[in-house]
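Chain and residue survey
One-letter residues, chain by chain:
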Amino acid sequence: MGGSLAPKRHKRTLTGASTAVTHEQVVPQVQTRRLLLRGFRAEDLDAHAAMDADPEVMRYMGGVVDREESWRRMATHVGHWVLNGYGTWAVERKADGVLVGRIGLWKPEGWPGVEVGWKLVRHAWGNGYATEAARASIEWGWEMLDVPALISLIHPQNDASMRVAERLGMHRASHHTINGQRAIVFELARP
Ligand SMILES: CC(C)(COP(=O)(O)OP(=O)(O)OC[C@H]1O[C@@H](n2cnc3c(N)ncnc32)[C@H](O)[C@@H]1OP(=O)(O)O)[C@@H](O)C(=O)NCCC(=O)NCCS
């Protein structure tokens, strides 16, 4: 047999396997006072799947999904960085390295704008982590993206999420229907 396809580099990788692409090459890291925003890793699946299996967390996000679907969603968020050049981060609490959520920028095909989105595991609610990470995502967005505004699409009954949007200075701008579900579009103009 001729040359091997085995990669020459053996850094920590996106999949945990030996590939040539590292997390850091795909997703930039951002630090806040209490949180590290970083790319998802294969070993995040247990925590990510647990978050996606929690009916309280998924109440306004289309309902719970199983481990396989949770993996696909995690992969979609990593792939979004490659396709769009920006995306969402895995949010790790610096104090103990625990994955507390997924927060960042999101614009799949058909979306009405660049969304800043937030989702925390239940045990991390009530600490201000969503606001802290979303604020860092927004700062990153203003610096890196040429957009006049960021949006958040929020279920009309998702009070906790609307409170995050309001703390961030967003205002209700319009409505949008996603998968047959009406959402309020909150908007934040570039300062
Ligand atoms: C939406 C969601 C991220 C909000 O979480 P949260 O913990 O309420 O939001 P934050 O992390 O910003 O924390 C703010 C809360 O922590 C409290 N808090 C405690 N310590 C704090 C601190 N140091 N700094 C700021 N807030 C603090 C605040 O008083 C606030 O509580 P309140 O809203 O009852 O007044 C969470 O409910 C969630 O993950 N929901 C499921 C997923 C979802 O629906 N996502 C949104 C889709 S649009």
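Computed from a predicted model, the values in this text were never measured in an experiment.

So, the pairing of strand E3 (residues 88-93)
Relative to E3, strand E2 (residues 35-38) runs antiparallel, the two being bridged by four bridges. Considered in E3, the bridge of leucine 36 is made with glutamate 92. The pairing of E3 with strand E4 (residues 99-106) spans five bridges and is antiparallel. By the bridge assignment for E4, alanine 90 is matched with arginine 102. Linking E3 back to E4 in an antiparallel pair, the connection comprises five residues, with glycine 97 at a positive phi of about 75°.

Side note on helix H5 (residues 129-144)
In this model, H5 (16 residues) spans 22 Å end to end at C-alpha, consistent with the 22 Å of a helix rising 1.5 Å per residue. Within the sequence span of H5, burial applies to Tyr129, Ala130, Ala133, Ala134, Ala136, Ser137 and Ile138.

Notes on the site of the ligand
Taken together, 19 residues lie near the ligand, and Trp125, Gly128, Ala130, Thr131 and Ala160 sit nearest. Of all the elements in the fold, those that place two or more residues in the shell around the ligand are strand E5 (115-120), H5 and helix H6 (159-167). It is H6 that provides the largest number of residues to the shell around the ligand, a total of four residues.

Here's the deal with the environment of glycine 85
Mapped onto the fold, glycine 85 is located in the loop between helix H4 (67-84) and E3. Through-space distance from the C-alpha of glycine 85 to that of methionine 144 is 9.4 Å; in sequence the pair is 59 residues apart.

Some remarks on the nonpolar core
With 35 residues, the main nonpolar core has Val91, Ile103, Trp118, Tyr129, Ala130, Ala133 and Ala134 as its most contacted residues. Contributing elements (two or more residues each) for this core: E2, E3, E4, E5, H5, strand E6 (149-154), H6 and strand E8 (181-189). The leading source of residues in this core is H5, at six residues. Aside from chain neighbours lying at most four places away, what touches alanine 133 is Thr32, Leu35, Leu37, Val91, Ile103 and Trp118.

Focus: unusual backbone geometry
Peptide bonds are trans in most cases, and residues, glycine excluded, mostly fall at negative phi. Of note in the backbone geometry, asparagine 179 takes a positive phi value of approximately 45° without being a glycine. With respect to the secondary-structure elements, asparagine 179 resides in the loop between strand E7 (171-178) and E8.

Details of the confidence of the model for the chain
Overall, the prediction assigns the chain a mean pLDDT of 92, with 89% of residues at 70 or greater. The model gives residues 1-10 a pLDDT under 50, and that stretch makes five contacts with residues more than four places away or in other chains.

Some words on the environment of lysine 107
Relative to the elements of secondary structure, lysine 107 occurs in the loop between E4 and E5. In sequence terms lysine 107 and threonine 88 are 19 residues apart; their C-alpha atoms lie 9.9 Å from each other. When near neighbours in sequence (up to four residues on either side) are disregarded, lysine 107 contacts Asn84, Val114 and Glu115.

Quick notes on the pairing of E2
A one-sided burial pattern is seen for E2, the buried positions being Leu35 and Leu37 and the unburied ones Leu36 and Arg38. Taken together, strand E1 (residues 30-31) and the strand that follows it, E2, pair antiparallel across an intervening segment of three residues.

Focus: the environment of glutamate 69
Considering the arrangement of structural elements, one finds glutamate 69 in helix H4. On the neighbour-count criterion, glutamate 69 (13 C-beta atoms within 10 Å) is partly exposed. Along the sequence, glutamate 69 and aspartate 52 sit 17 residues apart, while their C-alpha atoms lie 8.9 Å from each other.

Overview of the packing of helix H2 (residues 45-52) against H4
Axis separation between H2 and H4 bottoms out at 9 Å; the angle between their running directions is 110°. The angle between H2 and H4 falls in the class roughly perpendicular. Like other packed secondary-structure pairs, H2 and H4 cross with a definite hand, here right-handed. Side by side, H2 and H4 meet where Leu45, His48, Ala49 and Asp52 of the first sit next to Arg67, Ser70, Trp71, Arg73 and Met74 of the second.

Procedures and definitions
- Every chain is numbered independently, its residues counted from 1 as its sequence is written.
- The predicted nature of this model means local features are confined to residues of pLDDT at least 70 and side-chain atom pairs, given and counted, to a pLDDT of 80 or more, with totals for whole chains, interfaces and linings taken over all residues.
- By definition, two strands form a pair when at least two bridges between them are found by DSSP.
- Secondary structure follows DSSP: runs of H or I at least 4 residues long count as helices, runs of E at least 2 residues long count as strands, and numbering of each begins at the N terminus.
- To estimate how far a helix should reach, multiply one less than its number of residues by 1.5 Å.
- Any residue with 12 or fewer other C-beta atoms within 10 Å of its own C-beta is exposed, any with 20 or more is buried, and the rest are partly exposed; the C-beta atoms used are placed from the backbone.
- Nearness here is judged by the C-beta atom: place it from the backbone, and if it falls within 6 Å of a molecule or strand, the residue counts as near that partner.
- Residues of type Ala, Val, Leu, Ile, Met, Phe, Trp, Tyr and Cys that are buried and joined through C-beta atoms within 7 Å form what is called a nonpolar core.
- Two residues qualify as being in contact provided that their C-beta atoms, derived from the backbone, are within 7 Å of each other.
- Scored from 0 to 100, pLDDT reflects the predictor's confidence in each residue.
- Angles shown run from 0 to 180 degrees and are taken between the N-to-C directions of axes, each axis being a line fitted to C-alpha atoms and, for helices, limited to the stretch in contact.
- With respect to orientation, any angle under 35 degrees is reported as roughly parallel, any angle over 145 as roughly antiparallel, any angle of 65 to 115 as roughly perpendicular, and every other angle as oblique.
- Take the far helix as your reference; a near helix turned counterclockwise from it by less than a right angle gives a left-handed crossing, and one turned clockwise gives a right-handed crossing.

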